[in-house]
Structures are given as structure tokens and as C-alpha cells.
Amino acid sequence: MESKHGHGHWRGRALVAGGGIGGLVAALALHRAGYEVTVFEAAQEIRALGVGINLQPHAVLFLAELGLLDALRATGIETGSLLYVNKFGQRIWQEARGLAAGYPVPQISIHRGELHLILYRAVLERLGAAAVRCGASLVGVEQDGDGVTARFVDRRDGTPLGSERGALLVGADGIHSVLRRLLAPDEGPPRFSGCMLWRGIAEADPLLDGRTMVWAGHAAQKFIAYPISATAAQAGSAHLNWIAELRVRAADDPDRTPPGTDWNRRVDASVFDAPFASWHFGWLDVPGLIARAGAAYEFPMVDRDPLPRWSDGRVTLLGDAAHPMYPIGSNGASQAILDAQDLAARLVAGDDVVDALQRYDAARRPVTAAIVAANRRQGPDEVMQIAEERAPHGFADVHDVISQAELESVAAKYKQTAGFDRDAVARAAARVASSTATVS
Ligand SMILES: Cc1cc2nc3c(=O)[nH]c(=O)nc-3n(C[C@H](O)[C@H](O)[C@H](O)COP(=O)(O)OP(=O)(O)OC[C@H]3O[C@@H](n4cnc5c(N)ncnc54)[C@H](O)[C@@H]3O)c2cc1C
């Protein structure tokens, strides 16, 4: 990999390791902030991988600023509400989401691979085809007073690919981040919650009003289902993304070593479907959805303890590399996008890079650490566990077991922690509108 940045041009250049959701949004944001950006992705090509993912309104607001809202709307589903039920399908709590809840922008449920391709196309269009180098895996970093040098290899056989120089390096290299390991060499593997997750997509009839995200069960056995395809909805059907979750190891087991953490690991449904066999709620057929999906992807519920720092001189972390979190509250992708937004805002200010990365670290690290902690306590899913503990055989009326005030407080507390309470998003939207008005 021969760098053309040998004569000081690298001073305005940002290197991004990892071309996933966070890395590509960072590339778009840093480009907009005036940087020449190159993304180095370890995989040989960008492919539409994964199943469903959610974008909360604060992240959608930033993607709208980047001009991507129409593409997201045309592809995903604008989530209208969140419905929590117990293991018998009895309603615990329902709340409006996105536009239906008065936010200025929607919450969007979308196929991760389609979101990835929307971002990838935007990067190619705006930054040029050379901005994304596939097959380049970050292995080492050195920095000095005025730049950073990153070394890459071909992951397949370790062939060295040379080094690249830039003003900064962003590690957006996911749950197994190499840059994180360089910053925190003694950390070890991700920390296992004891729960396994199996994900799939089933073609089905629309679920309820076609915009509802359903969470069923409790902390030890859960099933989540929501639609993710605008095309299927227009044709009168649904692509329902589902996640089946089972506790497979005791919550207080001191062994936190996770089983394999590979996003593309496919397993047979017989590995996990038996405990869900009786979950027919009339309006939701859990065994049917599991059976209808062509494939199930297994991934353990893991996170990591927050680090004491992300930024070191001219290098920093972003997304899962910085703050892997349980997928409770549907926040992983959104928080990676907010990282990219904050990082670019600090760098555009024209201050020096080291200082900007410190301010990014100081702003984003405590916020995301609080979400990691809230998710360990079940986040908004806490209402499901309360219902299970107080009424394991079900209830006629949820208010016999949980008061309305308690239900509302759990939901409100989490939105505030994760930064997407309606007032915060409305204030952010007003700031965007007024800065756009000033510019034009
Ligand atoms: C293949 C795949 C499928 C996924 N499917 C789902 C899903 O179905 N549902 C869900 O909720 N979340 C899924 N995720 C995780 C989800 O994308 C993230 O939790 C979230 O979007 C935050 O994004 P991120 O950019 O920080 O990490 P990721 O999206 O994981 O991206 C990290 C990127 O860095 C690359 N990379 C890793 N090491 C290196 C290196 N040394 N050098 C250069 N590049 C490197 C990886 O190949 C990857 O493209 C998936 C991730 C991957 C990689």
C-alpha cells in the first residue's frame, strides 16, 4: 500500500480503521468537516451482512443532516410504537415512538446490510472510490508530534500492506478492535452476560399495525420482533426481524468468558427453539417465525467495562470499539453514529487534533458508559422482568402488578440516559435548523 501522502498532505487527512456502520458515518462526517478521509476495512469487500438494526431519532437526525433520510425512509420502517408483553403475550406497556411520539424525525428499523450499503454508496459518491480500501486490516500504530502512522496487513495470510500517514486515526474496528487492544493491552475478551441471542428474518403477514416493535418475555427468555422492509410493507407483507434470547449461564457465574463472537455464525433453529414452542399469542406466532426464517445467526450478549480513556494523542476509538453494549434498548448503531457526529464537530472547530480528540473523549465516554451500565440493569426491558417476578403466571390487568407511574418512570429514565428523550431531540433539531438558516 504505497502512500501518496508523503509530502505533508496527510496533515488534513483522517484515517479510519473499520468500514462498518460507525466507520462509514465517521467518514461522511469528517469529510464534511473538511478532512480527506480514507477508510481501511479488514474484509475483502463491503457486503450487506447482518439482520435488523434500529436507529433512534437522535441518530436519524444526524443521518438526515448528512442527506440520507430519504434513502432510510425508502428502505426501512418508521417505527410507530414499542409494545412490551409477558411470556403469555399479555400487554405490559406500550409507548409511541418516533414521529408518532412527537419527535421531529422517525425512529427507523432497517436491515443492517441495507443501511451499510446506503452509507457505502454515499461514501463512494462524496469521497470517491479510493476512499475505502478493503482487505486492509489495522495491526499497528505509531505517532509523533505532528502525525500518526498506521500499519496494515491482509488478514487472510498476514501479508504486510505497508503503512499510511494521517493527522489522526479513528478505530471504528468493532467489538474485536485492534486499536482498543493497543490502548488497553490487558483487557482480555468481551464480557459475557450469560445470555445467547439468535437472530433471523421471516417473511410474514404484517405484525399488528405494521410499525410495532414487540418485546415478549423476561430477562431469562425473550423474543423480539419488528418489521424492517419498506418494500415488503408496500407489497402488503412484512420482513420481520426477530431475536430469540435465552439465559444459558447463571447471572452470577464468575466466568465471563464469552462463547464465539462471530457476527456471521449460522446455527440450526433446533439449538434454541424448544423453550419457545408454546409462545403462540394469536397475534404473534413465535415458533412459526423461527421456523420460517431461512437462517439463524448466533451471537452472545456481550459488552465491555468502560475504559479510562479512548483518546491517546492522535488516535481514538468509536462505536463498538469504544463502548460495546448489550443490544437492550436498541442503541448500538445509534451511539456509533452519535460518536461520529461529536468527533467531527470537535474537529471542525479548527482546534488542534489532540485537543479535539480529548474533548470528544470527555464528552462521549461518560455518556456511553452510562448506557452500558443501564443495559446491564435491563434498560427499558426492566418492566418485563418486574412483571415476571410479580406475576409469573400472568395477570388480568398489568396495573394489578405494576403501577402506571412505575411503568412510565422506567421508560423515561432510559430515554434520558441514552439521550433520546423527546425534548433533547427537539432541541437538537432546532439547532440544526437555525445553523442551516444562518448558512443559507
Ligand atoms: C458482519 C456484521 C454483522 C452484524 N450484524 C448485526 C445485526 O444483525 N444486528 C445488530 O444489532 N448488530 C449487528 N452488527 C453489529 C453492529 O453493526 C454494531 O454493533 C453497531 O452498528 C456499531 O457499529 P461499529 O461500526 O462500531 O461496528 P461494526 O459494524 O461491527 O463494524 C466494525 C468494522 O470493522 C472491521 N474491522 C474489524 N477489525 C478490523 C481491523 N483490524 N482493521 C480494519 N477493519 C477492521 C469489521 O470488518 C467491520 O466492518 C454486525 C456487525 C458486523 C461486522
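Everything numeric in this text was worked out from a predicted model, so none of it was measured.

Colleague: Quick question: what am I supposed to make of the overall build of the chain here?
Modeller: Secondary structure assignment for the chain yields 12 helices and 19 strands. For the chain, whose C-alpha radius of gyration is 22 Å, the value lies close to the compact-globule estimate of 22 Å for 440 residues. Taken along the three principal axes of its C-alpha coordinates, the chain extends 75 × 50 × 40 Å. Nonlocal contacts in the chain, meaning residues at least 24 apart in sequence, comprise 75% of its contacts between residues at least 6 apart. With the model as given, the accessible surface of the chain reaches about 17800 Å², and the carbon-plus-sulfur share is 51%. In the chain, the 44 positive side-chain charges and the 51 negative ones have mean positions that sit 2 Å from each other.

Colleague: How should I be thinking about the sheet that holds strand E12 (residues 168-171) in this particular structure?
Modeller: Note: strands within a sheet are paired through backbone hydrogen bonds, in either parallel or antiparallel orientation. Taken together, five strands build an open sheet; the order of strands is E8-E2-E1-E12-E19 and the sheet is parallel. Strands at the two margins of the open sheet, each flanked by one partner only, are strand E8 (132-134) and strand E19 (315-317). Geometrically, the sheet is characterised by an average inter-axis angle of 20 degrees between neighbouring strands, direction not taken into account. Strand direction decides the pairing type here: strand E2 (residues 36-41) and E8, joined by three bridges, are parallel. By the bridge assignment for E8, Val39 is matched with Val132. Relative to the sheet, helix H1 (residues 21-32) contacts strand E1 (13-17), E2 and E12, its axis offset from that of E2 by approximately 170 degrees.

Colleague: For this particular structure, what's the right way to read the sheet that holds strand E3 (residues 52-55)?
Modeller: Taken together, the three strands give an open sheet; going across it, the order is E3-E7-E4, and neighbouring strands pair in antiparallel fashion. Lying at the two open borders of the sheet, with one neighbouring strand each, are E3 and strand E4 (77-79). Each adjacent strand pair in this sheet contributes to an overall mean axis angle of 30 degrees, direction not counted. Pairing geometry for E3 and strand E7 (residues 107-111), over four bridges, is antiparallel. Looking at E7, one finds that Gly52 is bridged to His111. Contacts from helix H4 (residues 112-127) reach E3 and E7, with the element oriented near 100 degrees to E7.

Colleague: Would you mind showing me how to read the pairing of strand E15 (residues 221-227) here?
Modeller: In regular strands, side chains alternate between the two faces of the sheet. In terms of burial, E15 is a largely internal element, seven of the seven residues being buried. Burial along E15 is two-sided: Gln221, Phe223, Ala225 and Pro227 facing one way and Lys222, Ile224 and Tyr226 facing the other are all buried. Where strand E14 (residues 212-218) lies against E15, five bridges are found, and the strand directions are antiparallel. Residue pairing for E15: Trp215 is matched across the bridge by Ile224. Hairpin connection of E14 to E15: two residues between the antiparallel strands. When E15 meets strand E16 (residues 238-247), the two strands line up antiparallel, connected through seven bridges. Each residue of the ladder has a partner; that of Gln221, found in E16, is Leu246.

Colleague: Would you mind going over the packing of aromatic side chains with me for this structure?
Modeller: In this description, an aromatic ring pair is defined by two values, namely the gap between the centres and the angle between the planes. What the rule picks out here adds up to 11 aromatic pairs. The interplanar angle of 10 degrees and the centroid separation of 4.9 Å between the aromatic rings of Trp198 and Phe272 together place this pair among those described as stacked. Highlighted residues: Trp198 in strand E13 (residues 191-204) and Phe272 in the loop between strand E17 (266-267) and helix H7 (286-292), separated in sequence by 74 residues. There is no split in this pair, since Trp198 and Phe272 are both buried. Taking the centre distance of 3.7 Å and the plane angle of 5 degrees together, the rings of Trp263 and Phe299 count as stacked. You can see Trp263 sitting in the loop between E16 and E17 and its partner Phe299 sitting in strand E18 (residues 296-303), a full 36 residues away along the chain. Here the aromatic cluster, defined as three or more aromatic residues joined through ring pairs, consists of Trp198, Phe223, Trp242, Phe272, Phe276, Trp279, Phe281 and Trp283.

Colleague: Got a minute to help me understand helix H8 (residues 332-348) in this structure?
Modeller: Each α-helix turn comprises 3.6 residues. Residues three or four places apart therefore point the same way. For H8, spanning 17 residues, the distance from its first C-alpha to its last is 25 Å, which sits close to the expected 24 Å at 1.5 Å a residue. A large share of H8 lies buried, amounting to 12 of its 17 residues.

Colleague: What exactly am I supposed to notice about the site of the ligand here?
Modeller: With respect to spatial proximity, 29 residues lie near the ligand, and among them Gly22, Glu41, Val51, Arg112 and Asp320 are the closest. One nitrogen or oxygen atom from the main chain of Val51 is found 2.8 Å from an oxygen atom belonging to the ligand. For the ligand, an oxygen atom lies 2.7 Å from a polar atom in the side chain of Arg112. The leading source of residues in the shell around the ligand is H1, at three residues. Along the lines of polarity and charge, the residues of the shell around the ligand split into 13 nonpolar, 11 polar and five charged.

Definitions and limits used
Residues numbered from 1 in each chain as written. Predicted model: local features only at pLDDT ≥ 70, side-chain atom pairs only at ≥ 80, totals over all residues. Heavy atoms only, no water. Helix = DSSP H or I, 4+ residues; strand = E, 2+ residues; numbered from the N terminus. Rg over C-alpha atoms; globule rule 2.2 N^0.38 Å. Contact = heavy atoms within 4.5 Å. Areas by Shrake-Rupley, 256 points an atom, 1.4 Å probe, with all protein chains shown as cover. Lys, Arg positive; Asp, Glu negative; His and termini not counted. Charge placed at Lys NZ, Arg CZ, Asp CG, Glu CD. Pairing = 2+ DSSP bridges. Axes fitted to C-alpha atoms, helices over the stretch in contact; angles between N-to-C directions. Buried < 20%, exposed > 50% of the residue type's maximum accessible area, 1.4 Å probe, protein only. Phe/Tyr/Trp six-rings, centres within 6.5 Å; stacked < 30°, edge-to-face > 60°. Expected span 1.5 Å × (residues − 1). Near = heavy atom within 4 Å. Polar contact = N/O pair within 3.5 Å; in protein donor to acceptor, adjacent residues only side chain to side chain. Nonpolar A, V, L, I, M, F, W, Y, C, P; charged D, E, K, R; others polar.

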